[in-house]
Amino acid sequence: MTSVAIRPEELRENVAQALGALARSVTLARGEVTVVVAAADYLQAMQALRDAPACRFEQLIDLCGVDYSAYGDGAWEGLRYAVVVHLLSVGLNQRVRVRVFCPQDDMPVLPSVGGLWASALWFEREAFDLYGIVFDGHGDLRRILTDYGFIGHPFRKDFPLSGHVEMRYDQEQRRVVYEPVSIEPREITPRIIREENYGGLH
Amino acid sequence: MAEIKNYTLNLGPQHPAAHGVLRLVLELDGEVVQRADPHIGLLHRATEKLAEHKTYIQSLPYMDRLDYVSMMCNEHAYCLAIEKLLGIEVPLRAQYIRVMFSEITRLLNHLMWLGSHGNDCGSSTILIYTFREREDLFVMYEAVSGARMHAAYFRPGGVYRDLPDSMPQYQESRIRSAKAVQERNANRQGSLLDFIEDFTRRFPGYVDEYETLLTDNRIWKQRTVGIGVVTPERALNLGMTGPILRGSGVPWDLRKTQPHEAYDRMAFDIPLGKTGHCYHRHLVRAQVVRFFFTSTRRRPRSPLFPYTTLFRSCVSPTASSSSAWPGCVRIRARSSWTTTRWRRLRANA
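Because the structure is a prediction, the values reported are computed rather than measured.

J.: Requested: an account of helix 7 (residues 192-213) of chain B, with residues and values cited.
T.: Counting along an α-helix, one turn takes 3.6 residues, and residues three or four places apart therefore face a common direction. All names here are of chain B. Taking 1.5 Å of rise per residue, the 22 residues of helix 7 would be expected to cover 32 Å, and the 30 Å separating its terminal C-alpha atoms lies within 8% of that figure. Taking the largest bend as the criterion, helix 7 deviates by roughly 35 degrees, centred on Phe203, and proline Pro204 comes between one and four positions later. Looking only at helix 7, the buried set comprises Leu193, Ile196, Glu197, Phe199, Val207, Tyr210 and Glu211.

Pasting the structure below:
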């Protein structure tokens with residue numbers, strides 16, 4: 001099991017103290033501290049986490065989007081999109097996870113934290129590309145991973161696994177052409193049916 | 001007077017120096033890159049989306065392919081995550097096997113880096129040298145998993161199977177006589193652990209060859225010293241980790257700071273850079289390679305440890321006895337972390 005140098009209970013206290021009313025909740029599960037903040041307090045809370053002497057999270061290790069629409073097989077009633085950030089303090093050897101929900105489902109917008117950590121800039125481009133979350137104040141919010149001219153946000157739950165278009169080189173037109181996908185979605189989880197006396201083992 | 005403008009140039013996505021498919025839109029002032037716009041998505045496979053539609057075990061082989069030069073390390077992270085979520089305790093033997101193969105993977109990775117970096121800087125010899133050693137490491141991969149690269153060897157809860165007792169043998173053929181085959185099979189007579197031990201005995205000599213080729217080489221230094229300087233603050237702000245961060249002189253290594261598996265039972269040193277330029281990143285990685293045989297022959301502190309053969313001669317060259325490393329004594333990263341020194345550093349941080 002992973003052991004972290006600082007005691008997670010202590011870290012939880014420190015984070016809760018540093019954020020005060022900015023944090024909606026500070027929970028501890030499996031030795032990891034998770035903070036939930038409101039979108040309006042997001043930037044201020046992140047700044048506090050970076051600068052507070054007991055936090056000093058000088059590294060942003062990961063920022064990703066999450067689509068909750070299929071969470072718990074439809075049991076989820078809250079907001080659809082969230083951004084989850086993982087911070088690391090090299091100086092104090094501690095980590096924290098910050099979750100912030102985007103206030104509007106049809107137009108998810110959050111402020112950019114690229115001014116605090118430069119590493120956030122590409123991660124925010126990724127979250128924009130894959131989930132369609134817009135980061136206000138980013139400055140260069142282009143797609144980063146998908147194809148040139150790609151339409152849609154592929155990691156949203158309503159985007160099919162096979163996508164919408166496929167690409168091939170057309171001999172006659174002598175160029176690459178895009179066409180609607182020709183493959184059918186298929187079930188790949190094996191259904192294991194064992195016969196009596198399978199393999200002569202019993 | 002002529003008006004001079006910067007030149008915009010497209011590099012890649014298919015370019016021998018791009019190693020894979022990386023496209024860079026570069027803005028050049030003479031030979032100096034002023035701006036670079038990397039297009040990094042050409043190899044993106046949406047592994048997360050694929051994993052959503054599969055069981056945990058079915059997704060595991062995808063992890064090999066995330067970074068295809070550190071296959072088992074990716075599997076390791078994936079397995080550790082599942083184990084943490086499910087609260088699985090991994091048997092000690094499996095922990096040691098995973099640590100050993102993580103380190104073999106690290107070596108594979110760093111040899112790939114050293115060879116191709118040298119190749120890009122104009123020394124194709126080093127590429128041939130490092131790939132010679134990678135071959136032996138692939139043989140180790142193949143012996144445990146059956147696959148040379150994409151092993152799918154680590155599984156949630158342990159590994160796919162125990163280490164094999166015998167190594168596969170070369171066969172006599174029309175182009176290779178019985179005598180030649182016997183020679184090639186000489187280090188394959190025992191178990192996999194014997195094979196690894198034989199490798200760790202040969203390997204220091206190979207590292208001396210790399211260092212002779214590169215570390216003190218004038219051309220190499222001209223092309224790396226003072227290039228791409230990253231200050232510690234900038235490195236942290238950019239989210240750098242691992243050898244790149246250590247190249248800038250930040251003492252940070254997960255195996256020491258947040259040890260997982262059996263890493264806290266191991267004695268090993270970690271090199272630390274100073275100036276954060278390309279040459280120091282080279283030194284940090286090159287010395288990790290040098291420390292490798294320290295890591296596979298790490299001193300076990302647990303009496304439960306079963307691999308006495310592997311650890312038979314576990315006297316490891318430590319950072320302080322620099323005379324044990326001919327060829328890399330004069331120029332090297334500021335200091336290496338011995339375990340005690342490491343504790344002191346962390347205590348003062």
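J.: For helix 3 (residues 120-131) of chain A, give the residues involved together with the corresponding values.
T.: All names here are of chain A. Compared with an ideal rise of 1.5 Å per residue, which puts 12 residues at 16 Å, helix 3 spans 16 Å between its outermost C-alpha atoms and is within 8% of the ideal. Within helix 3, 11 of the 12 residues are buried, which leaves the element mostly enclosed by the surrounding structure. Those residues of helix 3 that fall on the buried side of the exposure criterion are Ala120, Leu121, Phe123, Glu124, Arg125, Glu126, Ala127, Phe128, Asp129, Leu130 and Tyr131. Where the residues of helix 3 are buried, they touch strand 3 (59-67), strand 4 (81-89) and strand 7 (134-136).

J.: Give a description of the interface of chain A and chain B that names residues and reports values.
T.: Contact residues are listed per partner, giving 23 residues for chain A and 21 residues for chain B. In the side of chain A that touches chain B, the residues fall into 13 nonpolar, 8 polar and 2 charged.

J.: Quick rundown of the sheet that holds strand 2 (residues 32-37) of chain A? Include the residues and the values.
T.: Residues and elements named next belong to chain A. Read from one edge of the open sheet, 5 strands run 1-2-5-4-3, paired in mixed fashion. Across the chains shown, the open sheet's two edge strands, defined by having one partner strand only, are strand 1 (23-29) and strand 3. Here the strands of the sheet are splayed against their neighbours by 20 degrees on average, with no regard to which way each runs. In this structure, strand 2 lies alongside strand 5 (residues 94-101), joined through 4 bridges in parallel fashion. By the bridge assignment for strand 5, Val37 is matched with Val100. Packed on one face of the sheet, helix 1 (residues 8-19) meets strand 1, strand 2 and strand 5 and runs near 175 degrees to strand 1. Across the face of the sheet, helix 3 comes into contact with strand 3 and strand 4 while running at roughly 10 degrees to strand 3.

J.: An account of the environment of Tyr96(B) is needed here, citing residue identities and associated values.
T.: Residue and element names in this part refer to chain B. Within the element layout of this structure, Tyr96 appears in helix 4 (residues 92-120). Take Tyr96: there are 23 C-beta atoms within 10 Å of it, and that puts it in the buried class. In the structure, Tyr96 is positioned 183 residues away from Tyr279 in sequence and 33 Å away in space, judged by C-alpha atoms.

J.: Please give an account of the sheet that holds strand 2 (residues 23-29) of chain B that cites residues and values.
T.: All names here are of chain B. Sheet architecture is open: 3 strands sit in the order 1-2-3, paired in antiparallel fashion. Sheet topology places strand 1 (7-11) and strand 3 (32-39) at the edges, where each strand pairs with a single neighbour. Strand-to-strand twist in this sheet, taken as the mean axis angle between neighbours without regard to direction, amounts to 20 degrees. Taken together, the 5 bridges between strand 1 and strand 2 define a ladder with antiparallel strand orientation. Bridge pairing in strand 2 links Leu9 to Leu26.

Reading the values: rules and limits
Residues numbered from 1 in each chain as written. Chains lettered and ligands numbered in written order. Predicted model: local features only at pLDDT ≥ 70, side-chain atom pairs only at ≥ 80, totals over all residues. Helix = DSSP H or I, 4+ residues; strand = E, 2+ residues; numbered from the N terminus. Expected span 1.5 Å × (residues − 1). Bend = angle between axes of the 7 residues up to and from the residue. Buried ≥ 20, exposed ≤ 12 C-beta atoms within 10 Å, placed from the backbone. Contact = placed C-beta atoms within 7 Å. Nonpolar A, V, L, I, M, F, W, Y, C, P; charged D, E, K, R; others polar. Pairing = 2+ DSSP bridges. Axes fitted to C-alpha atoms, helices over the stretch in contact; angles between N-to-C directions.

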